[in-house]
Each structure stands twice: as C-alpha cells, then as structure tokens.
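Geometric and topological summary
Next come the chains, spelled out residue by residue.
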Amino acid sequence: MREKSLEYHSLHPKGKIQVVPTKPTKDSFDLSLAYSPGVAYPCLEIKENPDLVYEYTNKGNLVGIITNGTAILGLGDIGPAAGKPVMEGKAVLFKKFAGIDVFDIEVDAKDPDDFIKAVKMLEPTFGGINLEDIKAPESFYIEEELIKRMNIPVFHDDQHGTAIITVAGLLNAFEINKKRPSDVKMVVCGAGAAGIAIAELVQHIGIRKEHIFLVDTKGVIHTERTDLNSTKQRYAQKTNARTLADVMQDADIFVGVSVADMVTEDMVKSMAPNPVIFALANPDPEIPYAIAKKVRPDIIMGTGRSDMPNQVNNVLGFPFIFRGALDVRAKHITLEMKLAAARALAELARMEVPDAVSLAYGGEKFVFGPDYLIPKPFDQRVLYHVAPAVAEAAVQSGTARRPYPGRENYVSFLEGLMRS
C-alpha cells in the first residue's frame, strides 16, 4: 500500500488536483474576454453590486478546505505541509461526489486567533469553508468564531460530519431494535471534536443528555474530576463509573471515536440486549467487527472501514451538505440542515437499492437491516436525496439567500451538473 500510494501521488501531474479553465481560450479574442481588457466589465459590475460575484465568478461553487495540520487523520500534529495530501484528497471527494470545486489551504498558524484571522480574510474568495483536521478544543472556538464573523457557511467536518452519519445510522438502528431514544444509555469513547459533536447531535433525536457518558484518555468524564475543559464539563455525569468497562455495563449504544482495541469482549458481553456499536477508529476499530459479532450475535455494528458492513463515512455528508448550502446561498449550516442530512440518509437506506449500486460493490446485494443501515458512498442517489433536503432545511431555517426552485427542478439541475 505504501509503495502504491507514493507512486499514485507522485505521477505527473504531482498531487491529486489541478485548476482548468471553464471558458473557451482558442484565440486572442477569447483571451481578451478572459483577461484584459474584457475582464474589467464584470469587475465593475461587482463593484456596483457585490452579490454579482456569484454571477460572474466561481465563488458560488467554490469551497476552501482549510487546516493548520494539528490533527491530521490518525497521524496527529504533523503540520500543515504534511497535511496537504489529505486536503487534496478531500477536494477530490467534493468534486467526484457533488461537482464542487475546491482550493485546499494549509495555514501555518497554531494560534487559534491567528488562524481565525487568516480564514476570515479569505471570505471574498469562497462560497463556503470546510475546516479540517484541527485539534480540539481549539477547533470548537475556531468554528464558533468563524460562524459569528463570516457570512458564508463554515463547517468543521471532523465534528459534524461524523455526527451526522452516526445519527443516520442510529435512526435506522432504532427502526430495527425498536428501542426508544429517550430510554437508551449511550457511551461515547473519545471526547475530542467528533465525540462532543456526536453527543450534541444525538440529543436532537431524543437521546437524553443525562444518559450520555463520555470517556476520554483518563476515563469517564464525571463531576468529581478537576481536569476538564469547559467543553467536557458540560458532559460531566454524577456517576460511580470510572473506567470504560464500568460505564459499558448495560449500555445500549457505544460509539467509539478514539483508538484501536479500546473495547474488550467482556465489555461487549456486559451491554444491554440488542446493543449498537459504532467502532469508528481508523484504520482499526475499537473492537474488530468479527469479534464483536461473535460475542454478541444480537449486535448492530458499524465501523469506519469500507470492507465491513455499515461504514460510517463522512463522504456521505459533507459534499452534499455543501452542495445544498451553496445552491441556496446559505449564510450558515444550521442544526436543521444537519438533521435534514441525517434523516435523508436514513430514509435512503430504507429504500430498495438499485442494481447499479450492487455493481459498484462487486455484485453484493444490499437490503435494509442490521448489516445495511447506511447508504453506500457510490450510491449516486445520495446527492439527489441529501442535497435537496439540506437546501429545503436552509430555506425553512431562514439562512438561505436564494430561492429554492422546488425539489423536481433542483434534482434536474443536479443531474445536469453531474453530467457536465
């Protein structure tokens, strides 16, 4: 894999993305329109009406993927330059799945305020900002401040993307095991950006805050601890449980966003009947899929791996969330838009899966159930299901600045976009 990956990235042209012109450049007249003197005319129009930047430039279909390299995948703080291959890879996914153009921006700024200032100054360029691979707790402050200061969508995918796909999977798990969200006990292992965002979002589908137990590297987050930052303090529970093993007793749901091999067979055995485990550490989950299923045949399980059922994969979220947000020119990505994306994914998984999806996965058949809670990334219907739901939620929540053309017209637009 190492040799293949290095060869893949180093083939000419280097990296994974490039910029190409979208207008004719066949002769000198075309060039005079693209640049001087013709380019002056759209410049003057935009000067008189700044909103026309969306009419005469690519701003409305351009997202900035921006990192400072402090939390790159499972590699940690490896710096902005070393994180650039990941940002280019994210750009490929935006383009492949939703037709969105991207500039990846790697910022040499560990100080949160410096980073915020740098991103804010880029607002004229982009229609939206995807914050990526920024370590917690700074990531919470950075996102909150940029949302306040900017009039384009700002979305930290490491937080909200994982949370949205997790919620989609949980909605369908409840459909199968018939448990009521208000009754379940949930354990989240990993109290960084993703873990906190999951704990926040699941409350909006009925899971009660007092039933959510977070575990970090020092154990259960409880009220007697004195080492908690303000974000973790919000989830400190009054409990005698101190270890992951303690708190897993009678848990209905385990979500892991931590590291491999955190969960033992005995912990899985101690869970409530018909439990749900989403072990999302990558590349190796908190407990291997085969071991968990062997210990508890009644389990509903997902991982972050593509070679196992129920992959919780952020690519099912961010391209389509931004697509819907950009197309109605949303100022922000709201809670309603996140929940609309999760519900749309859950609904799609309950629909009959076309043969084209099976062909993309070697002929494997997918039917809604314990082994198919979440749509597959190569299911082309995800775009046409999620982006309209997000756009409609943007209009309903009052953040859209452009009329929504109706679902039928919007889907036709999306189909044309992807054909081109």
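Thresholds, definitions, all that
Residues numbered from 1 in each chain as written. Predicted model: local features only at pLDDT ≥ 70, side-chain atom pairs only at ≥ 80, totals over all residues. Heavy atoms only, no water. Domains from an automatic or database assignment. Buried area = accessible area lost by both parts, 1.4 Å probe. Salt bridge = Lys/Arg side-chain N within 4 Å of Asp/Glu carboxyl O. Axes fitted to C-alpha atoms, helices over the stretch in contact; angles between N-to-C directions. Helix = DSSP H or I, 4+ residues; strand = E, 2+ residues; numbered from the N terminus. Parallel < 35°, antiparallel > 145°, perpendicular 65-115°, else oblique. Left-handed = near helix turned anticlockwise from the far one by under 90°. Contact = heavy atoms within 4.5 Å. Buried < 20%, exposed > 50% of the residue type's maximum accessible area, 1.4 Å probe, protein only. 1 Å grid on protein atoms, 1.4 Å probe; cavity = no way out; pocket = protein on both sides within 12 Å on 5 of 7 lines; lining within 4 Å. Points joined across faces, edges and corners; volume = space filled by probe spheres on them. Nonpolar A, V, L, I, M, F, W, Y, C, P; charged D, E, K, R; others polar. UniProt positions renumbered as here; feature names shortened; annotations may be inferred.

A look at the domain arrangement of the protein chain
By domain assignment, the protein chain separates into domain 1 (1-22 + 58-152), domain 2 (178-303) and domain 3 (314-419). Taking only C-alpha atoms, the centre of domain 1 and the centre of domain 3 are 22 Å apart. When the two sides are added together, the surface that domain 1 and domain 3 hide from each other amounts to roughly 1,500 Å², 68% of it contributed by carbon and sulfur. Counting the surface domain 1 buries against domain 3, the share from its top three residues, Phe97, Ala98 and Asn151, is 37%. Taken together, the links from domain 1 to domain 3 amount to zero salt bridges.

A short note on the packing of helix 15 (residues 335-349) against helix 17 (residues 381-396)
Where helix 15 meets helix 17, the closest approach of the two axes is 8 Å, and the angle between their N-to-C directions is 150°. In terms of orientation, helix 15 lies roughly antiparallel with respect to helix 17. Crossing handedness for the pair helix 15 and helix 17: right-handed. Of helix 17, the residues touching helix 15 (which contributes Glu336, Met337, Ala340, Ala341, Ala344, Leu345, Glu347 and Leu348) are Arg381, Val382, His385, Val386, Ala389, Val390, Ala393 and Ala394.

Some remarks on the environment of Pro375
Mapped onto the elements, Pro375 comes out in the loop between helix 16 (355-360) and helix 17. Take Pro375: its relative accessible area is 2%, and that puts it in the buried class. Discounting residues that sit within four places of it in the chain, Pro375 has contacts with Leu316, Leu345, Leu348, Ala349 and Val382.

Some remarks on empty space enclosed by the protein
Inspection of every chain in the model, using the stated rule, returns one cavity of 30 Å³ or more. Lining of the largest cavity is provided by Tyr54, Gly60, Gly127, Pro153, Ala325, Leu326, Arg329, Ala330 and Arg401. Among the residues making up the lining of the largest cavity, the classes are represented as five nonpolar, two polar and two charged.

What to know about the UniProt feature "binding site: (S)-malate" (unreviewed entry) in the protein chain
Those residues carrying the UniProt feature "binding site: (S)-malate" (unreviewed entry) are Asn282 and Asn313 in this numbering. A compact arrangement is adopted by the annotated residues: their sequence extent is 32 residues, whereas the largest C-alpha distance between any two is 10.8 Å. By secondary structure assignment, the location of Asn282 is in the loop between strand 9 (276-279) and helix 13 (289-295). Residue classification places Asn282 among the partly exposed positions, given a relative accessible area of 48%. When sequence neighbours within four positions are dropped, the list of residues in contact with Asn282 reads Gly304 and Arg305.

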